[in-house]
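Given next are the chains, with one letter for each unit.
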Amino acid sequence: MNELIGELSIKVPQFHTWWASHRVDQCAHGTQRLRHPVVGELTLSYETLALPADPDQTICLYTAERGSASAETLRLLAGWSTPTGAETSSPSGHGTAHRNVAS
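Keep in mind that this is a model prediction, so the values were computed, not measured. Within each chain, residue numbers correspond to sequence positions counted from 1 in written order. Two thresholds apply to this predicted model, a pLDDT of at least 70 for residue-level local features and 80 or more for giving and counting side-chain atom pairs, whereas whole-chain, interface and lining totals are computed over all residues. Excluding hydrogens and water, the side-chain figures rest on all heavy atoms present in the structure.

A look at the overall build of the protein
Every helix listed is a DSSP run of H or I at least four residues long, and every strand listed is a run of E at least two residues long, numbered separately from the N terminus. Each helix and strand in the protein was counted, giving three helices and five strands. Its helices and strands taken in sequence order, the protein reads α-α-β-β-β-α-β-β from the N to the C terminus. Exposure categories follow from relative accessible area, calculated using a 1.4 Å probe and restricted to protein chains: below 20% of the type maximum is buried, above 50% is exposed, and the middle band is partly exposed. Buried residues in the protein amount to 13% of all 103 residues. Long-range pairs, those at least 24 residues apart, make up 16% of the contacts in the protein with a sequence separation of at least 6. Element-wise, carbon and sulfur atoms account for 56% of the exposed surface of the protein, whose accessible area totals about 8,500 Å². By definition, residues are in contact when any of their heavy atoms lie within 4.5 Å. For the area figures, the Shrake-Rupley method with a 1.4 Å probe applies, and any residue is considered shielded solely by the protein chains shown.

Comments concerning the pairing of strand E1 (residues 29-36)
Across the eight residues that make up E1, only a small minority, zero, are buried. With antiparallel pairing between neighbouring strands as the criterion, E1 and strand E2 (residues 40-50) make up a hairpin whose turn holds three residues. Pairing between strands is defined by DSSP: at least two bridges between the two strands are required.

Right, dumping it as structure tokens:
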């Protein structure tokens, strides 16, 4: 990484200013474009949550805008990983949740 930063600092005159003003650690939310090998491009919003009890751990949540092509693609991917009518543990750990995926 240091080698890349050094190379960019030499070859791109504005890079030093850009790098010095960019605070990576403050990037806790935004939009990210991803490319899945089977279904293609997804545009997802993300939120990074810090855990006060353990500062070395974070939770990253990714969501797609309701009704978007990315939301439909995520629904399709979820259907591939869980058989129709499969039972899974509920998020609270109490009982079971039933997942029905429409085809």
